[in-house]
Amino acid sequence: MTTPQQVDRAPARSTSPPPPRSRFWTTRRRDQLAGYLMITPQLLGFVIFVFVPLILVVWYSMHEWNVLAGTFDFVGGDNYQRLRDDPNLPGVLRATGLFSVGLVILNLTLALLLAVLLNQRLRGTVVFRTLFFSPVVVSLVAWTIVWRFLLQDNGGINGLLDSIGVDGPNWLRSGGTAMLSVIVVQVFKNVGLNLVLFLAALQGVPRDLYEAATVDGASRWRQFWRITVPMISPTILLTSIITVVGSLQVFAQIAVLTQGGPGNSTTVLVYYLYQQAFQFHQFGYGATLSVLLFLIVLALTVVQWQMRKRWVFHER
Amino acid sequence: MNDKLSPRAKLAVYALLLVLMIPFVFPTWWMVTSSFKPIGEIFSYPPSLLPTSPQLDAYPQVFEMQPFLRQYFNSAYIALLVTAGTLGISSLAGYAFARIRFPGANLLFLVVLTGLLVPSEVTIVPLFQMFNRLGMIDTHWPLILVPIFGAPSVLATFIMRQFFLALPGELEEAARVDGLGRFAIYWRIALPLARPALGAVAIFTFLHSWNLYLEPIVFLSTPSNFTLPQALTLFVDAYGGPMWNVQLAAASMTAIPVLIVFVLAQRQFIEGLSHTGLKG
């Protein structure tokens, strides 16, 4: 016995597309319905876990929230006033900026240097690439714990320095070196990612450009700045965006290495937010700091997007 | 930049690479080897590259001090669930956005993409309150639901869409002639072809979940519910000082499974990431 559907479909095998099941459920309509159904989980998730929390965080930032007393009072802009007058905030923002700038410069420079070295025709570059990439897969906290040991006063780094007669500082506990240490630990952890992206970009640069430049007598250094850098500028932009946005989210490294210290010298915005909200239970103020973090990420993304027009040489 | 180097230049490049490699390789090496050293040798100057008298003392202590096996299991099952869930959600949405024309598709895609602008740290306070209301604090639900449905999966959807955009249209037309509907085309044609993209998404999703630190310490409070990164920092003595050999043994154990997978699937790992151009 054949169902109406099969009757419907049978002739369709010889012609395309299949005729509609009914006048309303045309192929196109069914297709559209499938489209909506397929994006529904993502869309619902976006609304529940991104959009609603984003609205709520703004709402919370206008409230004084005392968890112990169970009060939740509307205070309007008070938290923003507190933000403006917070004596810790300038230090926190400076630490955040210092971390981001230091990380981006060191990370991109090292990644580009390594990528250029590994892009030479040499044996063993795959092995090197793997080794430079390997910290990426070591669990972040495990990596940070090892470095915490290496950087402590009687740790491995100072042991090495000692053997060449240098008295190393207490890296994580002195104001001048704590931030540098946090940056360096993060750089070695993640350079491998940018390195891989740069390598892929370098391999996409047409070789005849270099050949022509060599014929013209351009030095390697000149070739690098006049050919390589412009040709891979989209990748430089992409990696810098990823690195900057990632740098604003740093938390575990700070929590494990320095707990924001010494003083407030490594208290970056996310760490400060965590302290205010979850250690001091200042949820309203924590929400205000979240809004600030969001605005900074937003502003940076817009700025970098604008920069694209200025200095990205070509886009694929 | 690619032409042949002189032997001298080659030597210089090798030397430079070897020196630069030290801070990338030594910490991991040191972490694993030190976990076999007695505590005194960990602090010896100069640091020994291999334990002089290897011992396993630190390893049983890892399991005595904390419910480490349980924590290991927590991290593993959460990461696996998140990976599977993300693959499902993002491949469905990515496919629809890439291959199906429906009114509002572009606008909705843009809306979802704005999720990339919202770091999870920004929404952690309201998310904490939301899960608190639902009685889900100190459960694994927040660590599973938020990554699968929230901002991290937006990235995955973006990658999947990029991949599906490049699929040849003839394949789908042929499937359609054979009478397949949209879901069947997605499931039987597009998804099997998307293996490289799925692999890349799986890798970075798993790593992301495996490394989560802020979320667990915010949402979890009972040690038997902890995940590995959270547990690692808690191997401390009575005075709160870290017990280095135990901490390093535990750290080694968390790093080893991923390192093994990495060594086995090194090509797909690196190439997958370079194709997607994304951070884990």
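What you see is a predicted model; the values in this text were computed from it and never measured.

**Observations concerning the overall build of chain B**
From N to C terminus, chain B includes 15 helices and zero strands. Computed over the C-alpha atoms, the radius of gyration of chain B is 23 Å, more than 25% above the 19 Å expected from 2.2 N^0.38 for a compact globule of 280 residues. If one aligns the C-alpha atoms of chain B with their principal axes, the spans along those axes are about 70 × 65 × 35 Å. Taking all 280 residues of chain B together, 54% fall into the buried category. By element, 69% of the accessible surface of chain B is carried by carbon and sulfur atoms, the whole surface being about 12,400 Å². Computing the positive centroid from 15 side-chain charges and the negative centroid from 13, chain B places the two 11 Å apart.

**Description of the packing of helix α3 (residues 58-65) of chain B against helix α14 (residues 244-264) of chain B**
Residues and elements named next belong to chain B. Relative to each other, α3 and α14 sit at 85°, their axes nearing to 8 Å. On the basis of their axis angle, the class for α3 and α14 is roughly perpendicular. Counted together, Ala58, Tyr59, Gln61, Val62, Phe63 and Met65 of α3 and Asn245, Val246, Ala249, Ala250, Ser252 and Met253 of α14 form the full contact between these two elements.

**Section: the nonpolar core**
Among the nonpolar cores identified, the biggest contains 149 residues, and Leu114, Phe132, Phe133 and Phe278 of chain A are the most heavily contacted of them. A total of 15 residues in this core trace back to one element, the largest contributor, which is helix α4 (residues 89-118) of chain A. Every residue in contact with Phe132 of chain A, bar those within four places of it in the chain, is listed here: Leu114, Leu118, Gly192 and Leu195 of chain A together with Leu17, Leu20, Met21 and Phe24 of chain B. Ranked by size, the runner-up nonpolar core spans 31 residues in total, among them Phe102, Phe109, Ala194 and Val201 of chain B.

**With respect to the confidence of the model for chain A**
On average, residues of chain A score 87 in pLDDT, and 91% of them reach the 70 mark or higher. Low pLDDT (under 50) marks residues 1-15 of chain A, which in the prediction has 13 contacts with non-local residues, meaning those over four places away or in another chain.

**As for the packing of aromatic side chains**
The final tally for this structure, using the stated rule, is 45 aromatic pairs over all chains. Geometrically, the ring pair formed by Phe49 of chain A and Phe131 of chain B is stacked, given 6.1 Å between the ring centres and 15° between the ring planes. One end of the pair, Phe49 of chain A, is in helix α2 (residues 27-60); the other, Phe131 of chain B, is in helix α6 (residues 124-133), on a second chain. Relative to Trp244 of chain B, the ring of Phe149 of chain A has its centre 4.9 Å away and its plane inclined at 75°; by these criteria the two rings are edge-to-face. On the criterion of chain membership, the pair formed by Phe149 of chain A in helix α6 (residues 140-151) and Trp244 of chain B in helix α14 is interchain, its members lying in two chains. When the ring centre of Tyr285 of chain A is taken as reference, the NZ or CZ atom of Arg82 of chain A above it lies at 3.8 Å. Here Arg161 of chain B stacks its cationic end above the ring of Phe109 of chain B, 4.1 Å away from the centre of that ring.

**Some remarks on unusual backbone geometry**
Residue Pro262 of chain A is bonded to the preceding Gly261 of chain A through a cis peptide linkage, with omega at -5°. Its location among the elements puts Pro262 of chain A in the loop between α12 (252-257) and α13 (269-279).

**Here we look at the pattern of salt bridges**
Following the criterion strictly, the structure yields five salt bridges over all chains and no others. A salt bridge links Arg182 of chain B to Asp31 of chain A; the shortest N-O distance between them is 2.6 Å. A residue pair is termed interchain when its members come from two chains, as with Arg182 of chain B in helix α10 (residues 182-193) and Asp31 of chain A in helix α2. This pair shows no difference in class: Arg182 of chain B is buried, exactly as Asp31 of chain A is. The structure contains a network of salt bridges with shared partners spanning Asp31 of chain A together with Arg99, Glu172, Arg176 and Arg182 of chain B.

**Re helix α1 (residues 7-34) of chain B**
All names here are of chain B. Between the first and last C-alpha of α1 there are 38 Å, a value that for 28 residues agrees with the 40 Å anticipated at 1.5 Å per step. Taking the largest bend as the criterion, α1 deviates by roughly 45°, centred on Ile22, and proline Pro23 comes between one and four positions later. The complete set of buried residues in α1 reads Val13, Leu17, Leu20, Met21, Pro23, Phe24, Pro27, Thr28, Trp30, Met31, Thr33 and Ser34.

**Points about the environment of Met243 of chain B**
All names here are of chain B. Counting through the fold element by element, Met243 comes out in the loop between α13 (228-232) and α14. Along the backbone, Met243 and Arg195 are 48 residues apart, and their C-alpha atoms lie at a distance of 43 Å. Not counting the four nearest positions on each side in its chain, Met243 is found in contact with Gln61, Met65, Phe235, Val236 and Asp237.

**A closer look at the packing of helix α5 (residues 125-133) of chain A against helix α8 (residues 175-203) of chain A**
Angle between the axes and distance between the axes are the two parameters that describe a pair of packed helices. Residue and element names in this part refer to chain A. Between α5 and α8, the least distance of the axes is 8 Å, while the angle of their chain directions is 145°. For the element pair α5 and α8, the recorded crossing hand is left-handed. When α5 is examined against α8, the residues Arg129, Phe132 and Phe133 are found in contact with a partner set consisting of Gly192, Leu193, Leu195, Val196 and Leu199. Looking at the contact of α5 with α8, its residues break down into six nonpolar, one polar and one charged.

**Details of the interface of chain A and chain B**
Between chain A and chain B, the residue contacts involve 106 residues of the former and 99 residues of the latter. Together, the buried faces of chain A and chain B total about 9,300 Å²; carbon and sulfur atoms form 76% of this surface. When the buried area of chain A at its contact with chain B is split by residue, Met38, Gln42 and Phe49 of chain A rank highest and sum to 9% of it. The tally of links between chain A and chain B comes to two salt bridges.

**Some details on the confidence of the model for chain B**
For chain B, per-residue confidence averages 88 on the pLDDT scale, and 95% of positions sit at 70 or higher. Of the two predicted TM-score estimates for the complex, the pTM is 0.89 and the ipTM is 0.90.

**Some points on the UniProt feature "domain: ABC transmembrane type-1" (unreviewed entry) in chain B**
Per the UniProt entry, the sites bearing "domain: ABC transmembrane type-1" (unreviewed entry) are residues 72-265 of chain B in this numbering. Span residues 72-265 of chain B is 73% helix and 0% strand, its end C-alpha atoms 22 Å apart.

**A few points about α13 of chain A**
Residue and element names in this part refer to chain A. Among the 11 residues that make up α13, 10 are buried, leaving the element largely enclosed by the rest of the structure. For α13, every residue scored as buried is listed here: Leu269, Val270, Tyr271, Tyr272, Leu273, Tyr274, Gln275, Gln276, Ala277 and Phe278. Residue His281 follows α13 closely and has a positive phi angle near 55°.

**Notes on the pairing of strand β2 (residues 71-74) of chain A**
Residue and element names in this part refer to chain A. Examined bridge by bridge, strand β1 (residues 63-66) and β2 share four bridges and lie antiparallel to one another. If you follow Asn66 over to β2, its bridge partner there is Thr71. Where β1 folds back onto β2 in an antiparallel hairpin, the turn is made up of four residues, including Gly70, whose phi is positive at roughly 70°.

**Structural notes on the side chain of Lys189 of chain A**
Position of Lys189 of chain A among the secondary structure elements: in helix α8. Nearest to the buried, unbridged Lys189 of chain A among oppositely charged side chains is Glu121 of chain B, at 14 Å. Within polar-contact distance, the side chain of Lys189 of chain A engages the backbone oxygen of Val136 of chain A at 3.1 Å. Within polar-contact distance, the side chain of Lys189 of chain A engages the backbone oxygen of Val138 of chain A at 3.0 Å.

Definitions and cut-offs
Residues numbered from 1 in each chain as written. Chains lettered and ligands numbered in written order. Predicted model: local features only at pLDDT ≥ 70, side-chain atom pairs only at ≥ 80, totals over all residues. Heavy atoms only, no water. Helix = DSSP H or I, 4+ residues; strand = E, 2+ residues; numbered from the N terminus. Rg over C-alpha atoms; globule rule 2.2 N^0.38 Å. Buried < 20%, exposed > 50% of the residue type's maximum accessible area, 1.4 Å probe, protein only. Areas by Shrake-Rupley, 256 points an atom, 1.4 Å probe, with all protein chains shown as cover. Lys, Arg positive; Asp, Glu negative; His and termini not counted. Charge placed at Lys NZ, Arg CZ, Asp CG, Glu CD. Axes fitted to C-alpha atoms, helices over the stretch in contact; angles between N-to-C directions. Parallel < 35°, antiparallel > 145°, perpendicular 65-115°, else oblique. Contact = heavy atoms within 4.5 Å. Core = buried A, V, L, I, M, F, W, Y, C linked by side-chain atoms within 4.5 Å. pLDDT = per-residue confidence, 0-100. Phe/Tyr/Trp six-rings, centres within 6.5 Å; stacked < 30°, edge-to-face > 60°. Lys NZ or Arg CZ within 6 Å of the ring centre and 35° of its normal. Salt bridge = Lys/Arg side-chain N within 4 Å of Asp/Glu carboxyl O. Expected span 1.5 Å × (residues − 1). Bend = angle between axes of the 7 residues up to and from the residue. Left-handed = near helix turned anticlockwise from the far one by under 90°. Nonpolar A, V, L, I, M, F, W, Y, C, P; charged D, E, K, R; others polar. Buried area = accessible area lost by both parts, 1.4 Å probe. UniProt positions renumbered as here; feature names shortened; annotations may be inferred. Pairing = 2+ DSSP bridges. Polar contact = N/O pair within 3.5 Å; in protein donor to acceptor, adjacent residues only side chain to side chain.

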